[in-house]
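One letter stands for each residue in the lines below.
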Amino acid sequence: MSHTMTMHGNHKDVSVPTGPDFDSLSAREQELQDKIARLKDFVEHAPERERLAMEERMRTLPPPSEVERILREEAFMGKLTRGELKNEKRNQAKSGFLLFLLVLAILAVGLWIFQALQ
């Protein structure tokens with residue numbers, strides 16, 4: 001049930017809607033205005049919240065096991081020179097290649113035995 005009132009003043013006709021439709025539109029408009037205000041606040045304060053979250057992460061210590069692992073790695077790396085580190089990597093690569101050759105030889109001998117038994 002919508003009613004309109006017509007006001008005559010200064011030679012202008014102004015209609016002011018009243019009734020349940022107008023009330024629901026006003027409530028919807030107010031909800032939208034509130035939502036827009038919250039979104040604007042979110043956008044305006046996002047950098048500050050991000051900075052505070054980063055500061056919090058920086059203040060938070062890692063778990064003790066992680067700290068121990070990091071300290072152990074730092075101590076180990078501090079004792080090694082570049083040459084020693086390079087030699088260690090070369091030895092590990094050579095060991096990996098030798099392991100591959102060993103597995104390949106075992107497979108070849110196994111295949112040879114299998115063919116000899118048939």
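Since we're looking at a predicted model, the values are computed, not measured.

So, how was this worked out
- Residues numbered from 1 in each chain as written.
- Predicted model: local features only at pLDDT ≥ 70, side-chain atom pairs only at ≥ 80, totals over all residues.
- Heavy atoms only, no water.
- Helix = DSSP H or I, 4+ residues; strand = E, 2+ residues; numbered from the N terminus.
- Areas by Shrake-Rupley, 256 points an atom, 1.4 Å probe, with all protein chains shown as cover.
- Patch = residues over 30% accessible without salt bridge, like charges linked within 9 Å, V, L, I, M, F, W, Y side chains within 5 Å.
- Salt bridge = Lys/Arg side-chain N within 4 Å of Asp/Glu carboxyl O.
- Buried < 20%, exposed > 50% of the residue type's maximum accessible area, 1.4 Å probe, protein only.
- Expected span 1.5 Å × (residues − 1).
- pLDDT = per-residue confidence, 0-100.
- Contact = heavy atoms within 4.5 Å.
- Lys, Arg positive; Asp, Glu negative; His and termini not counted.
- Charge placed at Lys NZ, Arg CZ, Asp CG, Glu CD.

K.L.:
Describe the overall build of the chain, and please don't skip the residues or the numbers.
P.N.:
Regarding its fold elements, the chain presents three helices and two strands. Secondary structure elements of the chain, listed N to C terminal, follow the sequence β-β-α-α-α. Of the roughly 11300 Å² that the chain leaves accessible, carbon and sulfur atoms contribute 64%.

K.L.:
Explain a nonpolar patch on the surface residue by residue, including any values.
P.N.:
Where nonpolar side chains cluster on the molecular surface, the patch consists of Phe97, Leu98, Phe100, Leu101 and Leu104 and spans about 500 Å² of accessible area. Positionally, Phe97 belongs in helix H3 (residues 82-117).

K.L.:
Got a sec to walk through the pattern of salt bridges? Specific residues and values, please.
P.N.:
For the structure shown, the criterion picks out six salt bridges. Between Glu48 and Arg51 there is a salt bridge whose closest N-O contact spans 2.5 Å. Placement of both Glu48 and Arg51 in helix H1 (residues 20-59) is noted, with a separation of three residues, approximately one turn of the helix. By relative accessible area, Glu48 is classed as partly exposed at 37%.

K.L.:
Break down helix H2 (residues 64-79) for me, with residues and values.
P.N.:
Here H2 is 16 residues long and its end C-alpha atoms lie 23 Å apart, about the 22 Å a rise of 1.5 Å per residue gives. Summarising burial for H2: zero of the 16 residues are buried, a small minority.

K.L.:
Which residues make up the confidence of the model for the chain, and what values go with them?
P.N.:
When pLDDT is averaged along the chain, the result is 81; 83% of the residues meet or exceed 70. For the chain, strand S1 (residues 3-9) is the element with the lowest average pLDDT, namely 49, and H3 is the one with the highest, namely 92. Low confidence marks residues 1-9, where pLDDT is under 50. Its contacts with residues over four positions away, or in another chain, come to 18 contacts.

K.L.:
Summarise a positive patch on the surface; cite the residues concerned and give the values.
P.N.:
A grouping of Arg82, Lys86, Arg90 and Lys94 is seen on the molecular surface, where their side chains present a positively charged patch. Structurally, Lys86 can be placed in helix H3. Classification of Lys86 as exposed rests on a relative accessible area of 58%.

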